[in-house]
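Residue-level structure breakdown
Take a look at the letters that make up each chain.
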Amino acid sequence: MPSDQLSDRNVVITGASRGIGYAAGVACAKRGAHVIGLARTTSGLEKLDDDIRSVGGQATLIPVDITQEEAVSRLPAALEDRFGKIDGLILNAGMLGPLTHVAEVLGKEWHETFTVNLHANLAMIQLLHPLLLKSDAGRLVAVTSRAARVSKPFWGAYAASKAALDVLVKTYAEEQAPGSVRANLLDPGPTATAMRKEAMPGEDPSTITPPEVIGERLADMVQTDYQETAGMVVMPRPDGV
């Protein structure tokens, strides 16, 4: 049975069909939240629903590509009609993009990376901000990366898009102070996800952090008692670096 730490709270999670977003959905549901999972992959959302139900939780699954403006523009009205408010928003959806020299990045790949990692997140913030304001304690968390703060060859598109996301979320947080909305970032470090496998194909996933650990931390950050804003939680790295 779920605990009551997020009882009667509505938490929207993007990229909820796998990895960190999936784990966050289960973690929030265990604490009593009604999880609203967004993702492109229907099969992954269906499995999430099964897992949430298995722990006594509830979920609403919305198959949607958050980069599609027309599709996401319908979300606010639909969510307001159903729930009235949003208490938590976990911006997890992202893409690795091209791992190549900055001088050789194709424009299409660069723009696609920024569309997913930055522009879609901006759209979600703008669209769901009014519903967060209706909560007595609106909480927003965006998943970032160490790459945004540490220059690494070939990671230019991903790093630049995440750095821009960091500034966007911190600016939004400052704009909302001293109101009821809090916005923060979480850097999960090396985590055993499909994106990590794509970036580091030879890595043993058992040597890095499982998504479930990150999911629990994200659930902490959307609780009403989480008061920090414009901050960044950096999870311990298994390599200690």
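The structure we're discussing is the one just above.
Reading the values: the criteria
- Residues numbered from 1 in each chain as written.
- Predicted model: local features only at pLDDT ≥ 70, side-chain atom pairs only at ≥ 80, totals over all residues.
- Heavy atoms only, no water.
- Helix = DSSP H or I, 4+ residues; strand = E, 2+ residues; numbered from the N terminus.
- Rg over C-alpha atoms; globule rule 2.2 N^0.38 Å.
- Buried < 20%, exposed > 50% of the residue type's maximum accessible area, 1.4 Å probe, protein only.
- Areas by Shrake-Rupley, 256 points an atom, 1.4 Å probe, with all protein chains shown as cover.
- Contact = heavy atoms within 4.5 Å.
- Core = buried A, V, L, I, M, F, W, Y, C linked by side-chain atoms within 4.5 Å.
- Pairing = 2+ DSSP bridges.
- Axes fitted to C-alpha atoms, helices over the stretch in contact; angles between N-to-C directions.
- Expected span 1.5 Å × (residues − 1).
- Parallel < 35°, antiparallel > 145°, perpendicular 65-115°, else oblique.
- Left-handed = near helix turned anticlockwise from the far one by under 90°.
- Nonpolar A, V, L, I, M, F, W, Y, C, P; charged D, E, K, R; others polar.

Notes on the overall build of the protein chain
- Tallying secondary structure elements over the protein chain gives eight helices and seven strands in all.
- Computed over its C-alpha atoms, the radius of gyration of the protein chain comes to 17 Å, within 12% of the 18 Å expected for a compact globule of 241 residues.
- Here the protein chain holds 241 residues, and 51% of them are scored as buried.
- Carbon and sulfur atoms form 53% of the exposed surface of the protein chain, whose accessible area is close to 11,100 Å².

Here we look at the side chain of Asn10
- Tracing the backbone through its elements, the reader meets Asn10 in strand E1 (residues 10-14).
- Residues in contact with Asn10, not counting those within four places in the same chain, are His34, Ile36, Phe83, Lys85, Ile86, Asp87 and Gly88.

Thoughts on the nonpolar core
- One finds Val12, Ile36, Leu38, Ile66, Leu79 and Leu140 to be the most contacted residues of the largest nonpolar core, which totals 32 residues.
- Breaking this core down by element, the ones donating at least two residues are strand E2 (34-39), helix H4 (75-83), strand E4 (88-91), helix H5 (107-133), strand E5 (139-143), helix H6 (156-176) and strand E6 (182-187).
- It is H5 that contributes the most residues to this core, eight residues altogether.
- Among residues more than four places away in sequence, those in contact with Leu79 are Val12, Ile36, Ile62, Gly84, Ile86, Leu128 and Leu131.
- Of all hydrophobic cores here, the second largest spans 31 residues; its members include Val35, Leu45, Ile90 and Val233.

Quick word on the sheet that holds E5
- Strand order in this open sheet of seven strands is E3-E2-E1-E4-E5-E6-E7, and the pairing throughout is parallel. The strands lining the two open edges of the sheet, one partner per strand, are strand E3 (58-63) and strand E7 (232-234). Averaged over all neighbouring strand pairs, the angle between strand axes comes to 15°, with direction disregarded.
- As paired strands, E1 and E2 are joined by five bridges and run parallel to one another. Residue Val11 lies in a different strand from E2, and its bridge partner there is Val35.
- With respect to the sheet, helix H2 (residues 42-54) is in contact with E2 and E3, its orientation differing from that of E3 by roughly 175°.
- The strands touched by H6 are E5, E6 and E7; relative to E6, the strand with the most contacts, the crossing angle is about 155°.

Some words on H6
- Taking 1.5 Å of rise per residue, 21 residues should cover 30 Å, and H6 covers 30 Å from first to last C-alpha, within 8% of that figure.
- Of the residues making up H6, those classed as buried are Ala157, Tyr158, Ala159, Ser161, Lys162, Leu165, Asp166, Val169, Tyr172, Ala173 and Gln176.
- Looking at the buried positions of H6, the neighbouring elements they touch are H5, E5, E6, helix H7 (194-199) and E7.

Some points on the packing of H5 against H6
- Viewed as axis vectors pointing N to C, H5 and H6 meet at an angle of 15°, and their least axial separation amounts to 8 Å. With respect to H6, the element H5 is oriented roughly parallel. The handedness of the crossing between H5 and H6 comes out as right-handed. On H6, the residues touching Trp110, Thr113, Phe114, Asn117, Leu118, Asn121, Leu122, Ile125, His129, Leu132 and Leu133 of H5 are Gly156, Ala157, Tyr158, Ala160, Ser161, Ala164, Leu165, Leu168, Tyr172 and Gln176.
- Classifying every residue of the contact of H5 with H6 gives 14 nonpolar, seven polar and no charged.

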